[in-house]
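The primary structure of each chain is shown beneath.
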Amino acid sequence: MSEETTEKNETLVVASKLKNYIRQKSGMNTSAAVIDVLSNKLRRLCDEAVERAKQDGRKTVMDRDFE
């Protein structure tokens, strides 16, 4: 398995913390599929932030890159 394939399948959120947050906030359960969906969304947000940092000539991704 290539490193890129591993990165695309890797979970980027802490499932237990997310599930606890949703339960405390709403009393609802969280489907396991939510973890993959959020990881994919987070991956896209990070990719966009990396590109913004590169465009600014930086090697550090900053909070402003996510805005």
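Note: the structure precedes this text.
Keep in mind the model is a prediction, meaning the values are calculated, not measured. (Residues numbered from 1 in each chain as written. Predicted model: local features only at pLDDT ≥ 70, side-chain atom pairs only at ≥ 80, totals over all residues. Heavy atoms only, no water.)

**Q** When you look at the overall build of the protein in this model, what are you seeing that I'm missing?
**A** The secondary structure content of the protein amounts to three helices and zero strands. Starting at the N terminus and ending at the C terminus, the protein contains elements arranged as α-α-α. Here the protein holds 67 residues, and the buried ones make up 13% of them. For the protein, the share of sequence-separated contacts (at least 6 apart) that also reach a separation of at least 24 residues comes to 35%. Of the roughly 5,600 Å² that the protein leaves accessible, carbon and sulfur atoms contribute 52%. (Helix = DSSP H or I, 4+ residues; strand = E, 2+ residues; numbered from the N terminus. Buried < 20%, exposed > 50% of the residue type's maximum accessible area, 1.4 Å probe, protein only. Contact = heavy atoms within 4.5 Å. Areas by Shrake-Rupley, 256 points an atom, 1.4 Å probe, with all protein chains shown as cover.)

**Q** I'm lost on helix α2 (residues 15–26) in this one. Help?
**A** An α-helix turns once per 3.6 residues; consequently, residues spaced three or four apart project the same way. Over its 12 residues, α2 runs 16 Å from end to end, which matches the ideal 16 Å to within 8%, given 1.5 Å per residue. Remark: G27 follows α2 within two positions and exhibits a positive phi of approximately 80°. (Expected span 1.5 Å × (residues − 1).)

**Q** What's the story with helix α3 (residues 33–55) in this structure? I'm lost.
**A** Along its 23 residues, α3 runs 34 Å from first to last C-alpha, staying within 8% of the 33 Å computed at 1.5 Å per residue. Within the span of α3, buried status applies to I35, S39, R43, A49 and A53.

**Q** How should the side chain of D65 be read in this particular structure?
**A** Relative to the helices and strands, D65 is located in the segment after α3. Once residues within four sequence positions are removed from consideration, D65 is found in contact with A49, R52, A53, D56, R58 and T60.

**Q** Just to check I follow, could you spell out the pattern of salt bridges for this structure?
**A** Once the charged atoms of two side chains with opposite charge are near each other, the side chains can pair. Applying the stated criterion across every chain yields a total of three salt bridges. Notably, a salt bridge pairs D56 with R58, separated by 3.0 Å at the nearest N-O pair. A relative accessible area of 17% means that R58 is categorised as buried. Salt bridges sharing partners connect three or more residues here, namely D56, R58 and D65. (Salt bridge = Lys/Arg side-chain N within 4 Å of Asp/Glu carboxyl O.)

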